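Single-letter residue listing:
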Amino acid sequence: MASPQPRERPTSPSGETGDERASKRIKLDVSSPTSQDAAHKAPRPRVKGLATIKEEYLIPVPAQAARAEVADVIDDDAAEGRTAPDPASQQASQKGGRRKKQKGQNKEREFGTFSDAVRLCNSVAWTPEFSPRPCKHGDRCNALHDLRKYLKEGRRKDLEVFGGKCPVWETHGKCPAGWRCLFLSSHMKEIEHEDGRKELVLVGDASKTSGEDDEPNEARPGVMNIVPPRVKLDLSRKKVNLDKSDKYLEWLAKDTEMYRKHYNKGKDDVEESMDYRAQYVEPPLKPSEKRRIYFGRETPVLAPLTTQGNLPFRRLCVELGAQLTYSEMALGLPLLQGQKADWTLMRAHESEITPPRFTPSGPIAQGYDNSKDLKFGVQITASAPWIAIKSAETLTRFLPHLRLLDVNCGCPIDMVFKSGAGSALLDTPAKLERMIRGMNVVSGDVPITAKIRMGVRDDKHTAQKLIERLAFGGADMRDQLGAPGCAAVTLHGRTRQQRYTKAADWGYIAECAAQIKLFNETKSDLADTIRETEENTLPNGGHMYFVGNGDCYSHVEYFDHLENARVDSVMIGRGAIIKPWIFEEIEKGQYLDKSASERLTYIEKFVRYGMEAWGSDELGLNYTRRFLLEFLSFFNRYIPIGLLEYLPPSLNERPPAYRGRNDLETLLASKNYKDWIKISEMFLGPAPSEFKFQPKHKSNSYEIEAEG
Ligand SMILES: Cc1cc2nc3c(=O)[nH]c(=O)nc-3n(C[C@H](O)[C@H](O)[C@H](O)COP(=O)(O)O)c2cc1C
């Protein structure tokens, strides 16, 4: 059934939205093509925070339940917490290793065990039946070596989804899951030797993966930035020499101490002040020339998203038009300790290492070469300069595909904040500056950027001051060292304190954008005031990009922010998880009323990409299921635009109970996690009986619906 057209304010893909800000919406008299009644009725008033669904799709609910729904706010802050186990560390824990504590503010969530009934030894997991590799553990190995026994008793039957054909093998002609694949019968056979012996073999290229690598299951088709286990082991044993960082940190410690002494002597002591300058020693290393980066109207940015922004999800977004992507935030210290889970976050899909779209209409950094640029950047946070600096050296040494290194100065999570990292850096600008300077020195040609919030507290917005510092450096440091070298700043228009209840403040973002524009325009003045030798410290050839972030949920808002807030580009977080085709809307400059079956194809893609990234074995499959459910915990919030009375849709509006235009659309809107599991079963087969899922969002309506 075609649905009546929603009311919309005039706009164009070029962003010519008239004098209306996205936040102010006007109603247009648009008559319904299908519903005479709806066309003649007076438009229903818009209730703050509530999505106005066309009457014909509303489900009557008792008044009390409706009130509870309106009062209910989804706590997206909770979703930023990190509670994800990674399959490799899980496997380790199942092997009897000590279970590592998961990071993140939220309570540890349990997802059940993801393993075969009996564990197959890696020495036989990828090889033909008669040619196992030597088992590293010899007689002490308690895993199964008898392949036929494993296939009979050690694992589930093959799955029937995807016609029983392994999606990974179908695409790549090989399957890294080997004998553990849950679509095994599609890529194995029994061959008969001349002597009559029958041997099970994997077909395709799978058998080639055995032999050289200790962990052939680490290799994944199309996955880049895979760091060999040897490197992680060396890091864990402190055997990686970080000499650039060591030299720089030694200098930094002396300089900081000298400056501290000088500062404590009091400002009136001119002699002492001169003394500091006289004693100042140049740092042992200078930042090298950085690859230039670019942010523009044609490069919508996918936000760094803990848990949600995993590789399969980013791949889907890139396919739908995202031009720039970020890893989930990694913590510096675990990276330096070689922890697998954090290094796994650094992986990128091959589609992310291609150049972003480049059809510039705005400023371009001098010397920008689009062919050398790529989409994928990495985000870290750290509580101390030495951690950030050493992480920068380590990451740039071992990851070949890095657009930039972003410092997260916005993470609100208690555990991160209290350690002095994430949004705590907003209140320690001198420390942040030292981090960025040092990272710049040791990161080779990889640029350094920062993602900030408006401030920590609601009553004190500090971003403007911080941006000035990131652009030029603190007064003392600027004179000696030039600018810190921050190539871009992203501002999320909220404070740490405010959580997600209030709208992002695009007015404040606009003020900061104007400030940066001024900085960029006066950079030539700056060049006069700093010493010639420090010119290379000016970020990005003297141009610092500025990206705005917060609540963007349609191409209309995207272009509105470009036009009115005058940011270089807009970063999109929750909007992309709820409707990943927002990037396609931006590219086409129009709303796309995706049908439920189209939306289902995105779910299927996520599953395929999940299996490619994590494996089509029990472990990988359930990992895929778990992250699919995380995705669905946002995806269900999409209200098809054909059901809305008003456009643009708003991220912060919650719908009353409604039904979709067909059963599938209704199912996709369900807030009940049991329905999400049902959806996962369409592509991943039945969830194991012990499989559990607890969404991070603990909203009232979720509880009501999940329980009812
Ligand atoms: C589930 C989730 C995970 C997030 N993880 C990160 C992260 O790892 N690093 C980061 O800088 N911001 C993170 N954020 C914040 C987003 O990048 C973004 O700044 C915020 O969601 C506001 O943008 P939006 O209104 O478009 O969602 C996360 C947000 C959400 C909802």
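Residues numbered from 1 in each chain as written. Predicted model: local features only at pLDDT ≥ 70, side-chain atom pairs only at ≥ 80, totals over all residues. Heavy atoms only, no water.

### Some details on the overall build of the protein chain
- Each helix and strand counted, the protein chain has 27 helices and 13 strands in total.
- Per-residue burial over the protein chain gives 58% buried out of 708 residues. (Helix = DSSP H or I, 4+ residues; strand = E, 2+ residues; numbered from the N terminus. Buried < 20%, exposed > 50% of the residue type's maximum accessible area, 1.4 Å probe, protein only.)

### A word on the pairing of strand E2 (residues 198–202)
- Burial analysis of E2 places four of its five residues in the buried class, which makes it a mostly covered element.
- Here strand E1 (residues 188–192) runs beside E2; their pairing, made up of five bridges, is antiparallel. By the bridge assignment, Lys-189 is partnered in E2 with Val-201.
- Hairpin connection from E1 to E2: five residues lie between these consecutive antiparallel strands, with Gly-196 at a positive phi of about 90°. (Pairing = 2+ DSSP bridges.)

### Section: the side chain of Asp-342
- Position of Asp-342 relative to the elements: it lies in helix H12 (residues 340–344).
- For Asp-342, a relative accessible area of 0% corresponds to the buried category.

### Overview of the packing of helix H23 (residues 596–614) against helix H26 (residues 673–684)
- Here H23 crosses H26 at 60°, and the two axes come no closer than 10 Å. Judged on the interaxial angle alone, H26 and H23 are oblique. Pair H23 / H26 crosses with right-handed handedness. Between H23 and H26, the residues in contact are Leu-600, Ile-603, Glu-604, Val-607 and Met-611 and Ile-679, Met-682, Phe-683 and Leu-684, respectively.
- Its residues assigned to classes, the contact of H23 with H26 shows eight nonpolar, no polar and one charged. (Axes fitted to C-alpha atoms, helices over the stretch in contact; angles between N-to-C directions. Parallel < 35°, antiparallel > 145°, perpendicular 65-115°, else oblique. Left-handed = near helix turned anticlockwise from the far one by under 90°. Contact = heavy atoms within 4.5 Å. Nonpolar A, V, L, I, M, F, W, Y, C, P; charged D, E, K, R; others polar.)

### Describing the pattern of salt bridges
- Evaluated as defined, the whole model comprises 36 salt bridges.
- Its salt-bridge partner being Arg-156, residue Glu-618 comes within 3.0 Å of it at the nearest N-O pair. Note that Glu-618 is positioned in helix H24 (residues 618–635) and Arg-156 in the loop between helix H5 (147–154) and helix H6 (167–172), a separation of 462 residues in sequence.
- Measuring nitrogen to oxygen at the nearest pair gives 3.5 Å for the salt bridge that ties Lys-517 to Glu-521. One end of the pair is Lys-517 and the other is Glu-521, both in helix H18 (residues 506–521) and four residues apart, which spans about a single turn.
- A relative accessible area of 44% places Lys-517 in the partly exposed class.
- When salt bridges with common partners are traced through the structure, they connect Glu-584, Lys-588, Lys-594 and Glu-598 into a single cluster. (Salt bridge = Lys/Arg side-chain N within 4 Å of Asp/Glu carboxyl O.)

### With respect to the site of the ligand
- Among the 19 residues in the neighbourhood of the ligand, the closest are listed as Thr-306, Gln-379, Asn-549, Asp-551 and Arg-574.
- Considered on its own, the ligand offers 610 Å² of accessible surface; in the complex 99% of this is hidden by protein.
- When grouped by side-chain class, the residues that make up the shell around the ligand number seven nonpolar, eight polar and four charged. (Near = heavy atom within 4 Å. Areas by Shrake-Rupley, 256 points an atom, 1.4 Å probe, with all protein chains shown as cover.)

### Thoughts on the packing of aromatic side chains
- Evaluation of the coordinates by the stated rule reveals 19 aromatic pairs.
- Taken together, a centroid distance of 6.3 Å and an interplanar angle of 70° make the contact between Trp-676 and Phe-693 edge-to-face. Taken together, the positions of Trp-676 in helix H26 and Phe-693 in the loop between H26 and helix H27 (700–707) put the pair 17 residues apart, joining distant regions of the chain. Each member of the pair, Trp-676 together with Phe-693, is buried.
- Among the aromatic residues, those joined into a cluster by ring pairs are Phe-313, Trp-581, Tyr-602, Phe-606, Phe-631, Phe-635 and Tyr-638.
- In this structure, Arg-315 packs its charged tip against the face of Tyr-609, placed 3.6 Å from the ring centre. (Phe/Tyr/Trp six-rings, centres within 6.5 Å; stacked < 30°, edge-to-face > 60°. Lys NZ or Arg CZ within 6 Å of the ring centre and 35° of its normal.)

### Quick notes on helix H7 (residues 229–236)
- Listed in full, the buried residues belonging to H7 are Val-231, Lys-232 and Leu-235. Projection of H7 onto a plane perpendicular to its axis shows the buried side chains occupying an angular sector of 100°, all on one side.
- The secondary structure elements touched by the buried residues of H7 are helix H11 (332–336), H12 and helix H13 (385–398).
- Of the residues flanking the end of H7, it is Lys-238, one or two places downstream, whose phi is positive at about 55°. (Arc of directions from axis to C-beta.)

### Comments concerning the pairing of strand E11 (residues 486–495)
- A large share of E11 lies buried, amounting to 10 of its 10 residues.
- Note: strand E10 (residues 448–455) against E11, seven bridges, orientation parallel. In the strand pairing of E11, Thr-449 is matched with Ala-488.
- Bridging between E11 and strand E12 (residues 545–549) involves five bridges; their strand directions are parallel. Bridging from a neighbouring strand, His-492 pairs with Asn-549 of E12.

### Side note on H26
- For H26, with 12 residues, the first-to-last C-alpha span of 16 Å sits near the 16 Å given by 1.5 Å per residue.
- The complete set of buried residues in H26 reads Asp-675, Trp-676, Ile-677, Ile-679, Ser-680, Phe-683 and Leu-684.
- In this structure, the buried residues of H26 make contact with H23, H24 and helix H25 (663–668).
- Its side-chain oxygen 2.8 Å from the backbone nitrogen of Lys-674, Asn-672 forms the N-cap of H26.
- Of the residues one or two after H26, Gly-685 is the one with positive phi, at around 70°. (Expected span 1.5 Å × (residues − 1). Polar contact = N/O pair within 3.5 Å; in protein donor to acceptor, adjacent residues only side chain to side chain.)

### Some details on the state of the cysteines
- Taken as a whole and judged by the stated rule, the model has zero disulfides.
- Between Cys-181, a cysteine without a disulfide, and Cys-166, which holds the nearest cysteine sulfur, the sulfur-to-sulfur distance is 3.8 Å.
- In this structure Cys-512 is a free cysteine whose sulfur lies 13 Å from that of Cys-486, the closest cysteine sulfur available. (Disulfide = S-S within 2.5 Å.)

### Regarding the packing of helix H16 (residues 463–472) against H18
- Axis separation between H16 and H18 bottoms out at 10 Å; the angle between their running directions is 25°. Classified by the angle between their axes, H16 and H18 sit roughly parallel to one another. Regarding H16 and H18, the two cross each other, and that crossing is right-handed. Every residue of H18 that contacts H16 at Ala-463, Gln-464, Ile-467, Glu-468, Ala-471 and Phe-472 is listed here: Tyr-508, Glu-511, Cys-512, Gln-515, Ile-516 and Phe-519.
- When the residues that make up the contact of H16 with H18 are grouped by side-chain class, the tally is eight nonpolar, two polar and two charged.

### Here we look at the side chain of Asp-568
- If you trace the backbone, Asp-568 turns up in the loop between helix H20 (555–565) and strand E13 (569–572).
- Despite its burial, Asp-568 pairs with no opposite charge, the nearest such side chain being Arg-566 at 9.0 Å.
- Separated by 2.8 Å, the side chain of Asp-568 and the backbone nitrogen of Phe-546 make a polar contact.
- Ignoring any residue separated from it by four or fewer positions in sequence, one finds Asp-568 in contact with Phe-295, Gly-296, Arg-297, Pro-363, Tyr-545, Phe-546 and Leu-562. (Lys, Arg positive; Asp, Glu negative; His and termini not counted.)

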